[in-house]
Amino acid sequence: MPSISPTAWEKERFRAFGPRNVDEIAGRFGIPDQIARSIRTLSSVLPFRVNEYVLSQLVDWENIPHDPIFQMVFPQSGMLTHDDEQLLAPLVDDSGRKKELRLAVQQIRSRLNPHPSGQKQLNVPSLDGDQIPGLQHKYRETVLYFPGQGQTCHSYCTYCFRWAQFVGDADLRFAAPEPSGLVEYLGRHPEVDDVLVTGGDPMIMSTDRLRSHLEPILGVPTVRTVRIGTKSVAYWPQRFTTDADADDLLRLFEQVVASGRNLAVMMHFTHPRELETDLARRAVARIRATGALAYCQAPMVAHINDDAEAWSTLWRAELAAGAVPYYMFVERDTGPYDYFKVPLARAHEIFRTAYRTLPGLARTVRGPVMSATPGKVLVDGIEETAQGRFFQLRMLQARDPRLVGRPFRAHYSESAAWLDDLRLAADTPADIAAAIKGSLPSFLSHFDDRLLDQELQEELAHA
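Here goes a summary of the coordinates provided.

### Focus on the side chain of His271
Thought 1: Mapped onto the secondary structure, His271 falls in the loop between strand E9 (262–268) and helix H12 (278–289).
Thought 2: Ignoring anything within four residues of it in the chain, the contact list for His271 reads Pro68, Ile69, Ile304 and Leu314.

### Thoughts on the environment of Arg288
Thought 1: Among the structural elements, Arg288 can be located in helix H12.
Thought 2: Between the C-alpha atom of Arg288 and that of Asp33, which follows or precedes it by 255 residues, the distance is 44 Å.
Thought 3: Not counting residues within four places of it along the chain, the set of residues in contact with Arg288 comprises Ala294, Ala321 and Gly322.

### Some words on the nonpolar core
Thought 1: Ile25, Ile31, Trp61, Phe74 and Phe253 are the most contacted members of the largest nonpolar core, which has 111 residues in total.
Thought 2: Not counting residues within four places of it along the chain, the set of residues in contact with Ile25 comprises Phe17, Gly30, Ile31, Phe48, Val50, Leu55, Trp61 and Phe74.

### Overview of the packing of helix H5 (residues 82–93) against helix H6 (residues 98–110)
Thought 1: At a closest axis distance of 9 Å, the pairing of H5 and H6 adopts a crossing angle of 155°. One finds that H5 runs roughly antiparallel with respect to H6. The interaxial crossing formed by H5 with H6 has left-handed handedness. For the pair H5 and H6, contact is made by Asp84, Leu87, Leu88, Leu91 and Val92 and by Glu100, Leu101, Ala104, Val105 and Ile108, respectively.
Thought 2: Taken together, the residues of the contact of H5 with H6 sort by class into 8 nonpolar, no polar and 2 charged.

### Some details on the layout of surface pockets
Left-over empty space is what a probe sized like a water molecule reveals as it rolls over the atoms.
Thought 1: Taken as a whole, the largest pocket spans an internal volume of roughly 1,100 Å³.
Thought 2: Along the wall of the largest pocket there are 44 residues; nearest its centre are Phe161, Arg162, Leu196, Gln297 and Phe329.
Thought 3: Secondary structure elements with two or more residues in the lining of the largest pocket: strand E5 (135–139), strand E6 (142–145), strand E8 (225–230), E9, strand E10 (293–300), strand E11 (324–330), strand E12 (366–371) and strand E14 (388–398).
Thought 4: Element by element, the count of residues in the lining of the largest pocket is highest for E11, at 4 residues.
Thought 5: Along the lines of polarity and charge, the residues of the lining of the largest pocket split into 20 nonpolar, 14 polar and 10 charged.

### Comments concerning the side chain of His154
Thought 1: Mapped onto the elements, His154 comes out in the loop between E6 and helix H8 (180–188).
Thought 2: According to the relative accessible area criterion, His154 is buried, its value standing at 4%.
Thought 3: Not counting residues up to four positions away in its chain, the partners in contact with His154 are Phe14, Arg49, Val50, Asn51, Met203, Ile204, Ser232, Tyr235, Trp236 and Arg239.

### Observations concerning the sheet that holds strand E13 (residues 375–385)
Thought 1: An order of E5-E6-E7-E8-E9-E10-E11-E12-E13-E14-E15 is seen for the 11 strands of this open sheet, with the pairing classed as mixed. Since the sheet does not close on itself, it has two edges, and those belong to E5 and strand E15 (407–411), each with one partner. Put simply, the sheet's adjacent strands are angled 30° from each other on average, direction ignored.
Thought 2: Here E10 runs beside E11; their pairing, made up of 6 bridges, is parallel. Note on E11: the bridge partner recorded for Gln297 is Tyr327.
Thought 3: Helix H9 (residues 207–218) rests against E6, strand E7 (194–197) and E8 of the sheet, and its axis sits at about 155° to E8.

Criteria and cut-off values
Sequence positions are assigned chain by chain, starting from 1 and proceeding in written order. A pLDDT threshold of at least 70 governs which residues receive local features in this predicted model, and a stricter bar of 80 or more applies before side-chain atom pairs are shown or counted, although totals over entire chains, interfaces and linings include all residues. Side-chain measures were taken over the full set of non-hydrogen atoms in the model, leaving aside hydrogen atoms and water. We count a stretch as a helix when DSSP gives it H or I for four or more residues in a row; a strand needs E for two or more, and each element gets its number in order from the N terminus. Should any heavy atoms of two residues lie within 4.5 Å, those residues are counted as being in contact. By nonpolar core is meant a set of buried Ala, Val, Leu, Ile, Met, Phe, Trp, Tyr and Cys residues that side-chain atoms within 4.5 Å join together. Think of it in three bands: with a 1.4 Å probe and only protein chains considered, a residue is buried below 20% of the maximum accessible area for its type, exposed above 50%, and partly exposed in between. Simply put, an axis is a line fit to the C-alpha atoms, just over the touching stretch for a helix, and the angle between two N-to-C directions goes from 0 to 180 degrees. An angle below 35 degrees is treated as roughly parallel, one above 145 as roughly antiparallel, one from 65 to 115 as roughly perpendicular, and anything else as oblique. By definition, turning the near helix anticlockwise from the far helix through less than a right angle yields a left-handed crossing, and turning it clockwise yields a right-handed one. Amino acid classes used here: Ala, Val, Leu, Ile, Met, Phe, Trp, Tyr, Cys and Pro are nonpolar; Asp, Glu, Lys and Arg are charged; the rest, including Gly, are polar. Cavity and pocket criteria rest on a 1 Å grid covering protein atoms alone: a 1.4 Å probe that fits but cannot get out defines a cavity, protein on both sides within 12 Å along at least 5 of 7 lines defines an open pocket, and an atom within 4 Å of a point defines a lining residue. Grid points are joined across faces, edges and corners, and a volume is the space filled by probe spheres set on the points. Here, strands pair whenever DSSP counts at least two bridges between them.

What follows is the structure in structure tokens.
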């Protein structure tokens, strides 16, 4: 499969390939014309970016288009509706119809739910009535921070729920130009002890640029955990091994750890092949050697990892590398959702089958988990009762901290693939039902100083 030997990667420099390089890639790797045409067409709507490491070390070119990595990084026919694909194809081929193409692309993207689970409407916090760019505050203890220079990735996943970050529309992006707004917000919100630096991928930034965003956070004494969400260990492990500033990056990690904080690198591995290369395993080892914690998470997605053997192999590989299997997510209802969604009943059976094969230390993983509007909802099981079958569900995390950890039920469905598809059981607690139906008090939406309720303020005062 690989066309470049592993030793050659010691000197390889990062280079990204995009829609303009489809013909070049097709010629090198023998992509059939019809598939290449679909890639060109769909990449006018869905973001497409890949690099030499993914092309030469991860994709099995003998098994396209079915290869999981090929499905993961190349837009495929079926990811858009047949009508939309038929509309786009002649516009993409005709350079004289750019205006028509632009309008068609905008209309199609608007139908793909670019910001699911109320990210724009509910998660953006405010200071003195003004929204802060590049921040999300959904859960009381955790703020998500989107550095403006980190809003791209070494390669793009076709299933990415943040695809809207990458399509060049400023109105769809979360991006902070610098960290002053974050620092001021943290100063006013001592309940936040966890900052998740995310994107895009923060590891796309140089070490100096990343340092300019991390060091100010270390000046906030109430922040005890810094998390970095990244796919780079899978898509460009050289970031931690042979890039020109890789050693500087690891020293920055050591600096964060030495400050007394937990530094958690949240690694995104979707398929076990991503951990099969020596470079990936060496990258994990170097990260762990800094004192950083390594956690792994990914969604279950059709065509890529919707089978128990893939998950069992992946979780065992993560454990062997010294990382903690953390979350199996449910694919979010955005982008090419119909192509990738897996019914909850099937996702639960896959999780249960894979989980049974694991040693105890790998049973840290939780899933399937929906990161939905009210919070993280775990499919805990399926029960048979005299009244019928039910999903056993649990709020692992919630906008309203009072809901965290609480169980509830929904009627079983073979086809339901998201929380909105479920019919809640009659015995669902009223506050959980209200959260799921979107009728929570407004203070749970924006975490503005004026909107924290009395209970939370009293809890903080006695902390």
